[in-house]
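Residue-level structure breakdown
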Amino acid sequence: GNPICECYSCYGGIDCSLFSSNCSANVESGDPLFLEPFWMQNADSSAVVVAGWHRMSYVFPNNQSFISKELEKSIRKIHAIAKNAITYGKYIIFGTGSTQLLHAAGHALYMDNNYSTKVVANKIPYYSLYKLQTEYFQTRHCEFGGDSSMLKNNSDFAGNVIEFVTSPNNPDGSLDSPVLNGPNVKHIYDHAYYWSHYTAIPAPADEDLMIFSMSKLTGHAGSRFGWAIVKDVNVYTRMMEFIDLAEMGTSKDVQLRALTLLKVVAQGGGKQLFNFAQQILTDRWKKVSHIFSLTKRFSLQTIPTQYCTFFERTREPSPEIGVALMATYAWVKCKRTEDKNCQEVFRVAKIIGRSSRAFYAGDCYVRFSLVMDQQDFDMLIHRLKELISQEYEAS
Ligand code: PMP
């Protein structure tokens with residue numbers, strides 16, 4: 001703790017230059033701070049200055065709506081540039097992060113049902129929010145039913161089903177499709193990570209209800225801004241109702257900031273941010289997968305090589321490590337039976353990750369974030385090398 005400058009957690013002293021050798025790599029959170037240097041390079045064009053009299057009203061003066069039409073246009077444009085979603089003929093709804101929109105989407109779909117609805121995540125491991133929101137808000141007639149395999153094997157269930165499909169998946173990055181289909185099943189696609197930063201984009205997504213987030217596109221998680229792309233007018237109306245009743249629309253200040261940021265993203269055909277992000281995460285994935293190729297004690301998820309329409313080439317496997325792509329998170333398995341609690345094994349080795357228990361997948365895995373700032377990532381690599389070299393010393 002230095003009271004004047006806020007030092008990175010492994011450093012101290014007056015000018016933050018003292019390295020503390022017993023500090024841990026903290027790679028627990030999915031805060032995408034790896035994008036901060038991009039915004040430093042574009043500091044002037046991305047700055048927002050708001051005069052005191054500006055945007056005081058509840059609504060935008062030109063259309064009397066809670067939603068900026070200009071921002072809506074920018075979002076459609078970014079999807080066209082990124083080639084990751086088809087927005088034509090669909091409605092766009094803004095929310096306070098995708099967190100609020102996931103809730104609103106669930107609500108809009110539950111309201112169609114007058115009787116028992118099971119809410120499920122498409123597979124284990126899954127992002128915990130779907131379960132936590134369903135249970136915390138105790139939505140009428142709804143029950144969280146775990147992952148979709150629970151229903152697939154249970155042919156007796158005759159009620160309605162809402163399946164959350166996280167693609168790419170948090171934590172393991174897989175591009176997933178729905179498991180359940182049929183007239184009583186509705187899907188909510190959580191596409192927070194469906195950007196070429198984090199995954200190959202084999203084709204633009206064209207589902208009826210898709211949710212995206214500014215947090216993962218530009219890294220501005222603290223602004224709390226996300227959007228849903230919705231095909232059906234009734235679902236759209238109900239989601240809008242939800243947002244209006246919950247908070248009378250989304251902050252105009254945030255919409256102004258989002259517009260400014262998206263204009264920078266779209267500059268020059270939009271490749272600048274996408275290239276920047278892809279380069280960093282490809283490089284990080286290469287480093288992490290190289291380290292895990294040296295150990296028998298742990299294993300890393302594999303990411304298949306896929307054609308990416310955005311970069312218009314196949315992401316080639318790199319000769320030295322087999323498959324070199326990128327991912328948002330490293331999803332690591334502890335293979336020894338004595339390593340019962342994987343998160344704990346790494347915690348002792350001074351690496352703080354998120355336990356697979358948080359993704360309803362037992363204790364044998366741990367998730368490390370690869371999207372944090374460079375110092376956190378460097379510390380992760382440093383500690384991983386230390387831990388894995390012990391294996392060689394022991395043998
Ligand atoms: N969906 C997934 C899969 C996530 O990982 C996250 C955040 N880590 C969110 C949604 C929520 O993001 P936000 O509310 O910041 O848009």
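The name given to the chain in an unreviewed UniProt entry is Alliin lyase, and the organism recorded there is Solanum commersonii. Checking UniProt for the chain, the heading Cofactor (unreviewed entry) contains the comment "pyridoxal 5'-phosphate".

In the vicinity of the ligand there are 13 residues, among which Gly97, Ser98, Thr99, Ser213 and Ser215 approach most closely. Its residues placed into classes, the shell around the ligand shows three nonpolar, nine polar and one charged.

A word on helix α4 (residues 97–110). Taking 1.5 Å per residue as the helical rise, α4 with its 14 residues ought to reach 20 Å, and the 21 Å between its terminal C-alpha atoms agrees with that figure. Where burial is concerned, most of α4 is hidden: eleven out of the 14 residues are buried. Gly97, Ser98, Gln100, Leu101, Leu102, His103, Ala104, Ala105, Gly106, Ala108 and Leu109 are the residues of α4 that are buried.

Before going further, it helps to examine the environment of histidine 382. Mapping histidine 382 onto the fold places it in helix α12 (residues 374–394). Counting along the chain gives 31 residues from histidine 382 to isoleucine 351, while the straight-line C-alpha distance between them is 9.8 Å.

Moving on, we come to the domain arrangement of the chain. The domain boundaries assigned to the chain delineate domain 1 (22–39 + 271–394) and domain 2 (64–269). Computed over C-alpha atoms only, the centres of domain 1 and domain 2 are separated by 26 Å. Each partner contributes to the interface: domain 1 provides 33 residues, whereas domain 2 provides 27 residues. The class makeup of the residues in the side of domain 1 that touches domain 2 is 21 nonpolar, seven polar and five charged.

A few words on the nonpolar core. With 94 residues, the main nonpolar core has Ile93, Ala105, Ile211, Ala228, Met239 and Leu370 as its most contacted residues. A per-element tally of this core places helix α10 (residues 271–292) first, with eight residues.

What follows deals with unusual backbone geometry. Look at the link from serine 167 to proline 168: it is a cis peptide, with omega at -5 degrees. Cis peptide bonds are those with omega within 30 degrees of zero, and the linkage from asparagine 170 to proline 171 qualifies with 25 degrees. For proline 171, the position within the fold is in the loop between β7 (160–166) and β8 (185–190). One non-glycine residue, arginine 224, lies in the positive phi region at around 55 degrees. Of note, arginine 224 is situated in the loop between α7 (214–217) and β10 (226–230).

Spatial strand order, β11-β14-β17-β16: four strands in an open sheet with antiparallel pairing. A strand with exactly one partner marks an edge of an open sheet, and here the two such strands are β11 (298–300) and β16 (354–355). When strand β14 (residues 329–334) meets strand β17 (residues 365–369), the two strands line up antiparallel, connected through five bridges. Counterpart to alanine 330 in the pairing with β17 is phenylalanine 368. On top of the sheet, α10 reaches β11 and β14; it is set at about 150 degrees to β11, its chief contact.

Cut-offs and rules
- Residues numbered from 1 in each chain as written.
- Predicted model: local features only at pLDDT ≥ 70, side-chain atom pairs only at ≥ 80, totals over all residues.
- UniProt positions renumbered as here; feature names shortened; annotations may be inferred.
- Near = placed C-beta within 6 Å.
- Nonpolar A, V, L, I, M, F, W, Y, C, P; charged D, E, K, R; others polar.
- Helix = DSSP H or I, 4+ residues; strand = E, 2+ residues; numbered from the N terminus.
- Expected span 1.5 Å × (residues − 1).
- Buried ≥ 20, exposed ≤ 12 C-beta atoms within 10 Å, placed from the backbone.
- Domains from an automatic or database assignment.
- Contact = placed C-beta atoms within 7 Å.
- Core = buried A, V, L, I, M, F, W, Y, C linked by C-beta atoms within 7 Å.
- Pairing = 2+ DSSP bridges.
- Axes fitted to C-alpha atoms, helices over the stretch in contact; angles between N-to-C directions.

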